Amino acid sequence: MSLPALQNTGVIYRRILSQFPQDISLAFAYGSGVFKQHGGSQGQMEKNMLDFVFAVDDPVTWHTMNLLQNRRHYSILKILGPTKISSIQNEYGASVYYNTLVPIDGRIIKYGVISTDSLIDDLMHWKTMYVAGRLHKPVKMLVQNENGKLRAALVSNLKSAVMASFLMLPESFTEEELFLQIAGLSYAGDFRMKIGEDKSKVSNIVKDNIHHFRILYSNILRDCPQVVYKPPQGRLEVDKSPEGQFIQLMALPRTLQQRITKLVDLPGKNRDVEEILLQVAQDPDCGAVVHQGFCVLVPSGLRKTVSYSSKKLMKMWKSWRRKQSVSQIS
């Protein structure tokens, strides 16, 4: 099963993609420069930065080619070369290397590069949920190759978002309430939503894009035995029994399960995950416990995204400068 691609991707996206190395396993555009948000105008949307993510099988080769084609896109870290850039991408942050404020064809873009393996890991396990969280929401899918493992991971990520949302919603709810819950998963506990950012951000994302959310999730909802889905009425009823909630908890990605168990397990008990989740499933506050798990998971992922200004990178830069000085002396 492939993720549904939005039609009429437009010449602007094809022109932008044509200026990059073509060995890309997955490419998508996202954000307010791609989708109209509630309260925004078409004119404002066209002025907003276009955001992209490129997944590549071999980051070293891809950065080598991109440095030849688009060296000006990179910060001063380009001096370190493609191998070190790929190392920074894989070892720090959320496994994504971003070039930002790049002018192309009259637009300003930002693009992140992630290895295909790291993307699959995030989609399956929500290790940082940085890219996985973006893919919970509608994106403009531009490239998707025939990698069966990647396709399965993309669908698994959507199913996980549905299961997590079921646990935090009441027994009966509307499509819009479900999509608001899903869109809000990657913002749970995000300090930026409390300081300096529009608190209605999630609502603005969903309100004018219900149709796009429906394209993403309708097949999953129809096939899910945990829910009664009534598309004509736009309503859903989910199994909130302890048995139903246990099934939903066991379907969550591994990292979120671990966050939940750490919140609930008593020191020294060392019970297995299944035993703890069975306890959580019977708790009247099960949804609140799951939400608290997200409040721990999301900030953890966000902290990892500030890698480019970290002390480790500063040490790496100073080490490189020292080596250069030594080589010049000798």
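Here's a quick rundown of the structure. (Residues numbered from 1 in each chain as written. Predicted model: local features only at pLDDT ≥ 70, side-chain atom pairs only at ≥ 80, totals over all residues. Heavy atoms only, no water.)

## Focus: the sheet that holds strand β4 (residues 107-115)
Rule in force here: At least two DSSP bridges between two strands are needed for those strands to be called paired. Secondary structure elements are taken from DSSP: a helix is a run of H or I of four residues or more, a strand is a run of E of two residues or more, and numbering for both begins at the N terminus. Each axis is a line fitted through C-alpha atoms, and for a helix only the stretch in contact is used; angles between axes span 0 to 180 degrees, taken between their N-to-C directions. Any pair of residues with heavy atoms lying within 4.5 Å of one another is described as a contacting pair.
Judged by pairing direction, the sheet is mixed, and its five strands sit side by side in the order β3-β4-β2-β1-β5 without closing on themselves. Bordering the open sheet on either side are β3 (96-104) and β5 (140-144), each of which pairs with just one other strand. Going from strand to strand, the sheet's axes swing by 20° on average, the running direction of each strand aside. Relative to β4, helix α3 (residues 59-70) is tilted by about 150°, and along the sheet it contacts β2 (50-56), β3 and β4. Running at roughly 85° to β4, helix α5 (residues 116-125) makes contact with β1 (26-30), β2 and β4 of the sheet.

## A word on the side chain of D51
Looking at where D51 falls in the secondary structure, it is placed in strand β2. The contact partners of D51, leaving out residues within four places of it in the chain, are F28, A29, Y30, G31 and K110.

## Here we look at the sheet that holds strand β7 (residues 227-230)
Within the open sheet, the three strands sit side by side as β6-β8-β7. Their pairing is antiparallel. Each edge of the sheet is formed by a strand with only one pairing partner; in this case those strands are β6 (172-174) and β7. Along the sheet, successive strands turn relative to each other by an average axial angle of 20°, direction set aside. The pairing of β6 with strand β8 (residues 235-238) spans three bridges and is antiparallel. Bridged to S172 within β8 is E237. Packed on one face of the sheet, helix α10 (residues 210-223) meets β7 and β8 and runs near 130° to β7.

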